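Residue-level structural notes
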Amino acid sequence: MCERLRGAGIALSPSTLSLWRHGRSRPRRNKAMRAVAELENVLRTPRGYLLDTLVRSLPAHHWSARTETEDPVQRVRAEMGLDEGDTVQRLLVHHRVDIDPQHRPIGVRIRRVLRSTRETVSRLGVTSHGSEGVPLELVPGHGSRVGRQRSWPERGLLFTELLLDVPIAPGRIGALDYTVRPLERPAPSDDLEGGYIVHTEFPVSTIVLECRFPVGALPASAASIVRSREATARSSAEHAVDVGRDGIAAVVAHGIDEGSVRLGWTWGAA
């Protein structure tokens, strides 16, 4: 099968084909979608049959699989035509999370540095996560403005179409900033542990996760876990993270290909 695909100019490994077949991962990027279309030709299936089977029906079971809370996001992304796939290279994703003295996240400032690979990029789709039952708002900063939005406050989800002030031409680099914050403050937490996760379904060259705590209410300890589909050796290792006197704890991860970066902390007994 892979040899037939190579004959059509599409490189697909046997392991990837096996993961798709058994539902442990799903094709997501434009290149993968072209492979699915060619597979339909090779197998002589009706047009769209494998797309329905591989993309819309089967859940992905590997560790980084999306939960059903994200299914509406995938539908809206498709409706808006915002599957950037391999048209955008994500050079940097930086999340700066502010935590208040009551252990609540009160806002996340996000910076993205992007390079267009082969066509002009004028808009992006971004998914924001918060606490269940708390609606979110996205405030654009440098480089973009808000287009269409869909919100699922009962799930703590917000999907936003960001319109770039200056479209990114092929081969060029662009940057944008925005802030996500809850419209209502969550109730103070008595939990002794907390954490924040940056998810990505696309490759990212560098992810920076920075948490800022009040100087008078620092956590007792902090640790990070970096997970990447293409780097299984580091998918379960936990590493201690220093919390500075200025209240800042940070994690820097390179070469993440569909994965996550988590910073967790322990408050200690009151």
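Just so you know, the residues in each chain are numbered from 1, in the order the chain's sequence is written. Only residues with pLDDT of 70 or above have their local features reported here, since the model is predicted, and side-chain atom pairs are shown and tallied only from 80 upward, although totals for entire chains, interfaces and linings are computed over all residues. Note that the side-chain values use all heavy atoms of the structure and ignore hydrogens as well as water.

1. Let's talk about the overall build of the chain
Each helix and strand in the chain was counted, giving five helices and 11 strands. Buried residues are those whose accessible area, probed at 1.4 Å on protein chains only, stays under 20% of the maximum for their type, while exposed residues exceed 50% and partly exposed ones sit between those limits. Within the chain, the fraction of its 270 residues that count as buried is 43%. Contact between two residues is taken to exist if any of their heavy atoms lie within 4.5 Å; hydrogens are not considered. Put simply, of all contacts in the chain between residues at least 6 apart along the chain, 71% involve residues at least 24 apart. Note on areas: these come from Shrake-Rupley sampling with a 1.4 Å probe, and a residue is covered only by the protein chains present in the view. Only carbon and sulfur atoms are counted for the fraction: they give 49% of the accessible area of the chain, which is about 14200 Å². Helix and strand definitions follow DSSP, with helices as H or I runs of at least four residues and strands as E runs of at least two, each counted in order from the N terminus.

2. Points about the side chain of T160
On the secondary structure map, T160 appears in strand β6 (residues 157–168). By relative accessible area, which is 0% here, T160 ends up buried. Engagement of the side chain of T160 in a polar contact is seen with the side chain of Q149, the distance being 2.9 Å. If we skip the residues at most four places from it in the chain, T160 touches L124, G125, V126, L138, V146, R148 and Q149. Any pair of nitrogen or oxygen atoms within 3.5 Å is treated as a polar contact; in protein, a donor-acceptor pairing is required on top of that, and neighbouring residues in sequence qualify only through side-chain atoms on both sides.

3. So, the pattern of salt bridges
Between Lys or Arg on one side and Asp or Glu on the other, a salt bridge is scored when a side-chain nitrogen of the former is within 4 Å of a carboxyl oxygen of the latter. Across all of its chains, the model carries eight salt bridges by this definition. Its salt-bridge partner being R104, residue D100 comes within 2.9 Å of it at the nearest N-O pair. With respect to class, D100 is no different from R104; both count as buried. The residue R111 makes a salt bridge to D177 at a minimum N-O spacing of 2.7 Å.

4. Details of the sheet that holds strand β3 (residues 121–129)
Strands in a sheet are paired, the pairing made by backbone hydrogen bonds, and the direction either parallel or antiparallel. Strand order in the open sheet made by the three strands is β3-β6-β5, with antiparallel pairing throughout. Single-partner strands in this sheet number two, and they are β3 and β5 (144–152). Mean inter-strand twist for the sheet, computed between neighbouring axes without regard to direction, equals 20°. Inspection of the sheet shows β5 paired to β6 by seven bridges, in the antiparallel sense. Its bridge partner being in β6, S144 is matched across the sheet by L164. For two strands to count as paired, DSSP must find a minimum of two bridges between them. With axes taken as lines fitted to C-alpha atoms, and helix axes fitted only over the stretch in contact, angles between N-to-C directions fall between 0 and 180 degrees.

5. A word on the confidence of the model for the chain
Per-residue pLDDT for the chain has a mean of 81; in total, 81% of the residues score no lower than 70. In this model, residues 57–70 is a region of pLDDT below 50 whose contacts with residues beyond four sequence positions or in other chains number 33 contacts. Along the chain, pLDDT gives the predictor's confidence residue by residue, from 0 to 100.

6. Observations regarding the nonpolar core
Y178, L209, L263 and W265 are the most contacted members of the largest nonpolar core, which has 37 residues in total. Residue contributions to this core peak at seven residues, all from strand β11 (residues 248–266). Look past the residues within four positions of Y178 in its chain and what remains in contact with it is V108, R109, I110, R112, V126, L138, V139, P140, G141 and L162. Take the buried Ala, Val, Leu, Ile, Met, Phe, Trp, Tyr and Cys residues and link them wherever side-chain atoms come within 4.5 Å; each set so joined is a nonpolar core. L12, A32, V36 and L50 belong to the second-largest nonpolar core, a separate cluster that totals nine residues.

7. Focus: the sheet that holds strand β4 (residues 136–140)
The sheet built from eight strands is open, its strands ordered β4-β7-β2-β1-β8-β11-β9-β10 with mixed pairing. Across the chains shown, the open sheet's two edge strands, defined by having one partner strand only, are β4 and β10 (238–240). Geometrically, the sheet is characterised by an average inter-axis angle of 20° between neighbouring strands, direction not taken into account. Bridging between strand β9 (residues 221–228) and β11 involves eight bridges; their strand directions are antiparallel. When the sheet's bridge partners are listed, S228 is paired in β11 with G259.

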